[in-house]
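# Architecture and fold: a report
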Amino acid sequence: MIIQGKRYGIVAGSGLLPITLAERLTAEGVPLQIARIAGEADPALNVYNGIELSLEKIAHALPFFKMSGTTHLIFAGGVKRRPNVAALRVPVSLWSSLPSIALALTRGDDGLLATLVRLLERHGISMVGAHDILPDHVAAYGVISGTKPFTTLNPTIAAGVHAAVIIGTHDIGQAVVAFGRRVIAVEGIEGTDQMLARVAALRATGRINSRAKLVLIKIAKPGQELRADMPVIGPDTIAGCKAAGIGLICVSANSTMIMDVERTIHEAKLAKVS
């Protein structure tokens, strides 16, 4: 899906995804520029051409990419916080878009990212999904690692999927933890890793039975702008599930990315997580 002759850019947050993308694009000989979000992007990205911007000044990435001739842009990596609206700094070229930007900041993650995608496309830059560049990191249908779950877990999985669709419809989160026919944890603004840490704490205090068979469900939100924010799992997810006593992870096929695939599968086998 990499188009030769085009120039690519990455708006890089935290995690492995921006690094993996940069390595793949560079290996393909594609001209690349990276706008690194200060305090989020890994220092390993400093070796690539680009700039570093605070979250409050990230709008200045657009004129930077335009000046460098970027034709295709990728959002990749996590951002732990929302920008301070009072400290926002927007270039003159985007002043006319200020009302829509301000409104987008009041929405959930998917609403915000969808607005940013439309803004980019109005300025002639095509939005590309990380999965388009890394199709080998997209979860396929079926058992990825471990054993096929017993049919007795079907009601648990169904309850989790139902709840995940509901919270996704309201742009709340992508993941839930289920036990039996009920959901015991829902991902909110804190993200999947912190939700798993809450479940681990509940296990430790005895609020959740130590022998309970827990299932993590993580799926794309209905109508989610996958080019900007496809669900991701990786080694940290496995570690969180191990600490929480979760033995099964269910993700949406063809719309979930697995980072550091070999390590993730290896860690899952060691932790006995399917």
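Once a new chain begins, its residue numbering starts again from 1 and follows that chain's sequence as written. Side-chain atom pairs in this predicted model are given and counted only at pLDDT of 80 or more, local residue features only at pLDDT of at least 70, and totals for whole chains, interfaces and linings cover all residues. Side-chain measures here rest on the full set of heavy atoms in the structure, leaving out hydrogens and waters.

### Digging into the environment of Ala139
Looking at where Ala139 falls in the secondary structure, it is placed in the loop between helix H5 (130–133) and helix H6 (154–169). Spatially, the C-alpha atom of Ala139 lies 9.6 Å from that of Val261, the residues being 122 residues apart in sequence. With residues up to four places along the chain from it excluded, the contact list for Ala139 reads Ile144, Val251, Ala253, Asn254, Thr256 and Ile258. Secondary structure elements are defined from DSSP: runs of H or I of at least 4 residues count as helices, runs of E of at least 2 residues count as strands, and each element is numbered from the N terminus. Two residues form a contact once any of their heavy atoms are found within 4.5 Å.

### A word on the pairing of strand S7 (residues 182–186)
At least two bridges found by DSSP between two strands is the condition for calling them paired. With 4 bridges joining them, strand S6 (residues 175–179) and S7 adopt antiparallel strand pairing. If you follow Ala178 over to S7, its bridge partner there is Val183. Hairpin connection of S6 to S7: 2 residues between the antiparallel strands, including Gly180 at a positive phi of 65°.

### Some remarks on the pattern of salt bridges
Two side chains carrying opposite charge are able to pair once their charged atoms lie near each other. The salt bridge criterion pairs a side-chain nitrogen of Lys or Arg with a carboxyl oxygen of Asp or Glu, the two atoms within 4 Å. According to the stated counting rule, one finds 3 salt bridges in the structure shown. Note that Arg24 and Asp136 form a salt bridge whose closest N and O atoms lie 3.0 Å from each other. With Arg24 in helix H1 (residues 17–27) and Asp136 in the loop between H5 and H6, this residue pair connects regions lying 112 residues apart in the sequence. The classification of residues rests on relative accessible area computed with a 1.4 Å probe and restricted to protein chains. Under 20% of the type maximum is buried, over 50% is exposed, and intermediate values are partly exposed. Here Arg24 falls in the partly exposed class, since its relative accessible area comes to 25%. Using a relative accessible area of 49% as the deciding quantity, one classes Asp136 as partly exposed. For the salt bridge of Arg198 with Glu190, the shortest nitrogen-to-oxygen distance reads 2.7 Å. Classification of Arg198 by relative accessible area gives partly exposed; the value is 37%.

### What to know about the side chain of Thr156
Tracing the backbone through its elements, the reader meets Thr156 in helix H6. For Thr156, a relative accessible area of 4% puts it in the buried group. Filtering out sequence-adjacent residues up to four positions away, Thr156 remains in contact with Ala178, Phe179, Gly180 and Val215.

### Focus on the nonpolar core
Note that soluble globular proteins tend to have their nonpolar side chains buried in a common cluster. Ranked by internal contacts, the top residues of the largest apolar core, which has 23 residues, are Ile10, Leu21 and Ile74. Contributions of two or more residues to this core are made by strand S1 (8–12), H1, strand S2 (32–37), strand S4 (72–76) and H5. Considering each element in turn, this core owes the most residues, 5 residues, to H1. Working definition of a nonpolar core: buried Ala, Val, Leu, Ile, Met, Phe, Trp, Tyr and Cys residues. They are joined through side-chain atoms within 4.5 Å. Counting 19 residues, the second largest nonpolar core, distinct from the first, contains Ala175, Ala185, Leu196 and Cys241.

### Re the sheet that holds S4
Overall, parallel pairing links the 5 strands, which are arranged S3-S2-S1-S4-S5 in an open sheet. Two strands in the sheet have a free side with no partner beyond their single neighbour: strand S3 (50–53) and strand S5 (126–127). In this sheet, S3 lies alongside S2 in parallel orientation, the contact comprising 4 bridges. Along S3, the bridge assignment pairs Ile34 with Gly50.

### Focus on the packing of helix H7 (residues 192–204) against helix H8 (residues 235–244)
Axis definition: a line fit to C-alpha positions, over the contact stretch in the case of helices; interaxial angles, taken between N-to-C directions, run 0 to 180 degrees. H8 packs onto H7 with a crossing angle of 15° between their chain directions and a minimal axis gap of 8 Å. Accordingly, the angle class assigned to the pair H7 and H8 is roughly parallel. In terms of crossing hand, the pair formed by H7 and H8 is left-handed. Taking contact as the criterion, the partners of Asp193, Leu196, Val199, Ala200 and Arg203 in H7 are, on H8, Asp236, Thr237, Gly240, Cys241, Ala243 and Ala244. Counted by class, the contact of H7 with H8 contains 6 nonpolar, 2 polar and 3 charged residues. When an angle is under 35 degrees it counts as roughly parallel; over 145 it counts as roughly antiparallel; between 65 and 115 it counts as roughly perpendicular; any other value is oblique. For any helix crossing, the convention is left-handed if the near helix is rotated counterclockwise from the far helix by under a right angle, and right-handed if that rotation is clockwise. Note that Gly is not counted as nonpolar here; it falls among the polar residues with everything else outside the nonpolar set of Ala, Val, Leu, Ile, Met, Phe, Trp, Tyr, Cys and Pro and the charged set of Asp, Glu, Lys and Arg.

### A few points about the packing of aromatic side chains
The relative placement of two aromatic rings is captured by the distance of their centres and the angle of their planes. Ring geometry is summarised as follows: Phe, Tyr and Trp rings, the Trp one being its six-membered ring, pair when their centres sit within 6.5 Å, and such pairs are stacked at plane angles under 30 degrees, edge-to-face over 60 and tilted between the two. Inspection of the entire model under this criterion finds 1 aromatic pair. Centre to centre, the rings of Phe64 and Phe65 are 5.2 Å apart; their planes meet at 55°, and the pair counts as tilted.

Read these as spatial facts, not as claims about activity.
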